[in-house]
Amino acid sequence: MHGVFTTYLYANYLNEPSVGTPLVVSILIWIPLGIVAGVILNHLLAPSKQPESKDLVFDSFAYALIFGCAMLSVVSGITTNAALLISLASGFLFIIPIARFATAFKTAKARHPELRETSDQILINALLYLPGLIPIIAFLKVINVLSADVALFLFSFVTFDFVLIAGLAMIASADEMIKEPASAAEGATAPAAPAAPAVDPIIEFLNSEEGMEKVPVDVAPPPKPVRAVPPPKPTKPGSGIVAPEPPKKPGMTKPETEVPNAPARFKAPSKPKKRF
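The geometry of helix α6 (residues 95-111) relative to helix α7 (residues 118-129) is characterised by a closest axis approach of 10 Å and an angle of 165 degrees between their N-to-C directions. With respect to each other, α6 and α7 are oriented roughly antiparallel. When the axes of α6 and α7 are compared, the crossing they make is right-handed. Between α6 and α7, the contacting residues are P97, I98, F101, A102, F105 and K109 on the first element and Q121, I124, N125, L128 and Y129 on the second. Taken together, the residues that form the contact of α6 with α7 break down as 8 nonpolar, 2 polar and 1 charged.

In structure tokens form, the structure reads like this:
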């Protein structure tokens, strides 16, 4: 629809040059396209969670301001100096989403390996860098490097490439996302492999009745219980049986029987010799 409407306006411009080239309409379509690109990038770089509302509002406002300035710079009734300042502002403002999303893309690839797929990288790079060509073309038109006809062609060409590349990359990414759940479902419904037997077949055969008959097993008879020896009875005095003495502890000797109050034994001194 944008291409048909732009072609109609350009045909009127060729028939009546005083109307002016439809450059404003060519950039006007980029205001909603930029907002859509910012929203899609926020969702792509945070696949596991919902993007915050403040980020969506900030990016939408930034893209609307960027392409609004680019559109004002190509208006025919504006002065050259004002158009130059507005186009420069549009280019410098585009650094904000590039710096923001490029940094977020590096972090997202480390956390989500699925973003390393070729289709996802093409889609993110197309959404991020292709819109930056619009402020550049507007600046070149303001400084008279490009004519109005060439600028109109480039605006339409960039718009066509943006829609084509982003659309094909979205289709490829959607196909990959559909194939992954399908392969996971097939793996879940696949029949499980037969489990290994819990019991060894040889042990199972030996434990069966047939194995018990064929394999002789020497079973030792259970040991006979040993009768405990009763302890010896203590002897009564006068029975004639002397009880055994208790064992002596080492280092102890039984003292000899001594008469109580017996005088100490002294050796008698020898008789002195008589000396004459």
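As a further point, take the confidence of the model for the protein. Mean pLDDT for the protein: 75, with 62% of residues reaching 70 or above. Element-level mean pLDDT values for the protein span from 53 in helix α11 (residues 209-214) up to 92 in helix α8 (residues 133-142).

Here we take up the environment of P47. Secondary-structure assignment places P47 in the loop between α3 (30-44) and α4 (53-73). The partly exposed category is assigned to P47, whose relative accessible area is 40%. Put simply, P47 and L115 are 68 residues apart on the chain and 9.3 Å apart in space, counted from C-alpha to C-alpha.

Reading the values: the criteria
- Residues numbered from 1 in each chain as written.
- Predicted model: local features only at pLDDT ≥ 70, side-chain atom pairs only at ≥ 80, totals over all residues.
- Heavy atoms only, no water.
- Axes fitted to C-alpha atoms, helices over the stretch in contact; angles between N-to-C directions.
- Helix = DSSP H or I, 4+ residues; strand = E, 2+ residues; numbered from the N terminus.
- Parallel < 35°, antiparallel > 145°, perpendicular 65-115°, else oblique.
- Left-handed = near helix turned anticlockwise from the far one by under 90°.
- Contact = heavy atoms within 4.5 Å.
- Nonpolar A, V, L, I, M, F, W, Y, C, P; charged D, E, K, R; others polar.
- pLDDT = per-residue confidence, 0-100.
- Buried < 20%, exposed > 50% of the residue type's maximum accessible area, 1.4 Å probe, protein only.

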